[in-house]
Each structure stands twice: as structure tokens, then as C-alpha cells.
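Listed here are the chains, written in short residue letters.
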Amino acid sequence: MEAMIGLIAQADAAADAKAANAAIGAGFAYGLAAIGPGIGIGYVAGKAIEAMARQPEAAGMVRTTMFLGIAFTEALALIGFVVFILLGL
Amino acid sequence: MTNTSASAWNTKPTGDAPEVSISLDMVRRGVVVVPVLVIICGVIWGADGAWSAAYATALVLGNFLLSAGIIAAGSRISYAALLSGVLFGYIFRLALIFFAVYIVRDAGWISLPAVGVCIIVTHLGLLIWELKYVALSLAYPGLKPTQP
């Protein structure tokens, strides 16, 4: 009987460890996936502001391009998020 | 004595906010796309997939609107506020999407694969669709299509 309880406890511990590892991996995946787009969005916005300051008459065109660039860059973070929800949420 | 020199804190972009009209345009197209996605996900994942597709699409469209709103609000203040809005808005919106999915993760009607697929497909699909029209309107005048 005691051996049986021990086996069940071991199986539970293994399942917990597996779930914990999956959650840690998913968290790292999301965190790392958000860093790149963060840098990219900062670069896009910074350059767009530089362009608007240099050429105010082109601000509308620059802001249009900036908005789309930000949204495309953000797609990378969303892909990381999807990996996160499929792995560990 | 006041400081009258121009800086990123006291100058702001001129003109209208194109990002708001772009995001409204994408939402208009998104509303057309939602039934198609809901049907496709319903066929693949059942009723859960259909509900999840609708939820994910609403998340993406809300994300676009919020992003445009934050940028437009920042640009009415100054260049510095615009940049701050873009960067903090990115973190804020990612957190918002995370919590929006987190609170429904155990709901009976949710299908996480359907949510994930719909988030990526809707986001990229609407952007590429919009890019087609924006690219046409931003083209050098000599390249603009003319009426036949």
C-alpha cells in the first residue's frame, strides 16, 4: 500500500515539474519575444520623430508609415504571446 | 525669464492624426472579416472556436484603436509625449492583451489555439490589407493609378 502511495506521489511530482517547466519556458518565450519588438518600435518611433522634426510638412506621411511600422513590429510580440498561451497559459 | 527655445517637450507634430483614420479603416475591414474567421474556426474547433475567434478579433481591433488613440493623444501634446505614448503604450497594450486572455483561459467557451491563430491572422491580415491602400496613396504621384 505504501509503495502504491509512493508511486502516485512520484507521478504527481513529475507532472507538477513538467507543468512548471512548461510555464517557465512559456514565460521566457514571451519575455524574450517582447524585447526585440520593443527595441524595434523605439527605433521606428524615434526615427519618425526625427523625420517629422526635420520635415514638418511630411508629418502626415511619416506618421502613417510609423503607425504601420509599429503595428508590423508588434506582430512579432503577438507571435511570442501566442506561443506563450499555447505552451503555458 | 522663460525658455522659448524649441525642444521635444514644447513642439508637436502639425496636421491631422492619420493613425486614427487608418485604424478606423482597419476596423471597418475587420468587421467584414470577423464572420469569415468565426465560420472557419467554428468548422475547425467547433462552437468554442467560433466564440474564441470572435473574442480574438475583438481584441485585435481594440488593440489597433487603442494604439491609434494613444499616439494621437500623445501627438497633441509634444514629440516627447508621442514617443512616450508609443513605448509605454506598447507595454500597456501587451499587458492588456495578456490579461484579456488570462481572465478567460479557463472559461468553458474558450479555445486557446483558435485565439492564438486568430490574433496573428487578423493582425497581419488587416495590416497587409491596409498597407495595399496606404502604399497606393503614398506613392510618388507619377506612380498613382489613374481611373481607366
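Figured I'd write up the structure that's included with this text. (Residues numbered from 1 in each chain as written. Chains lettered and ligands numbered in written order. Predicted model: local features only at pLDDT ≥ 70, side-chain atom pairs only at ≥ 80, totals over all residues. Heavy atoms only, no water.)

### Observations concerning the packing of aromatic side chains
Now for step 1: Scanning all chains against the criterion turns up seven aromatic pairs over all chains.
Now for step 2: Between A:Tyr30 and A:Phe81, the ring centres sit 5.3 Å apart and the planes meet at 55°, which makes this aromatic pair tilted. With A:Tyr30 in helix H1 (residues 2–54) and A:Phe81 in helix H2 (residues 59–87), the pair connects residues that are 51 residues apart, well separated along the chain. Each member of the pair A:Tyr30 and A:Phe81 is classed as buried.
Now for step 3: Aromatic side chains B:Phe98 and B:Phe99 sit 5.2 Å apart centroid to centroid with 70° between the ring planes, which places their arrangement in the edge-to-face category.
Now for step 4: You can call B:Phe99 partly exposed: its relative accessible area is 48%.
Now for step 5: Among the aromatic residues, ring-to-ring pairing joins A:Tyr30, A:Phe81, A:Phe84, B:Phe98, B:Phe99 and B:Tyr102 into one connected group.
Now for step 6: In this structure, B:Arg29 packs its charged tip against the face of B:Trp129, placed 5.4 Å from the ring centre.
Now for step 7: The side chain of B:Arg105 reaches across the aromatic face of B:Tyr102, ending 4.1 Å from its centre. (Phe/Tyr/Trp six-rings, centres within 6.5 Å; stacked < 30°, edge-to-face > 60°. Helix = DSSP H or I, 4+ residues; strand = E, 2+ residues; numbered from the N terminus. Buried < 20%, exposed > 50% of the residue type's maximum accessible area, 1.4 Å probe, protein only. Lys NZ or Arg CZ within 6 Å of the ring centre and 35° of its normal.)

### Here's the deal with the pattern of salt bridges
Residue and element names in this part refer to chain B.
Now for step 1: This structure, assessed with the given rule, holds eight salt bridges over all chains.
Now for step 2: Of the charged contacts in the structure, one is a salt bridge between Arg28 and Asp25, with a shortest N-O distance of 2.8 Å. Placement of the pair is Arg28 and Asp25 together in helix H1 (residues 18–75), with a separation of three residues, close to one helical turn.
Now for step 3: According to the relative accessible area criterion, Asp25 is buried, its value standing at 19%. (Salt bridge = Lys/Arg side-chain N within 4 Å of Asp/Glu carboxyl O.)

### Regarding a nonpolar patch on the surface
Residues and elements named next belong to chain B.
Now for step 1: Taken together, the side chains of Val36, Ile39, Ile40, Val43, Ile44, Trp45, Val117 and Val121 present a nonpolar region at the surface, about 740 Å² in accessible area.
Now for step 2: Elements with a minimum of two residues in the nonpolar patch: H1 and helix H3 (112–138).
Now for step 3: The leading source of residues in the nonpolar patch is H1, at six residues.
Now for step 4: In this structure Val121 comes out as partly exposed when scored by relative accessible area, which is 43%. (Patch = residues over 30% accessible without salt bridge, like charges linked within 9 Å, V, L, I, M, F, W, Y side chains within 5 Å. Areas by Shrake-Rupley, 256 points an atom, 1.4 Å probe, with all protein chains shown as cover.)

Without other data, these values stay purely geometric and don't point to any function.
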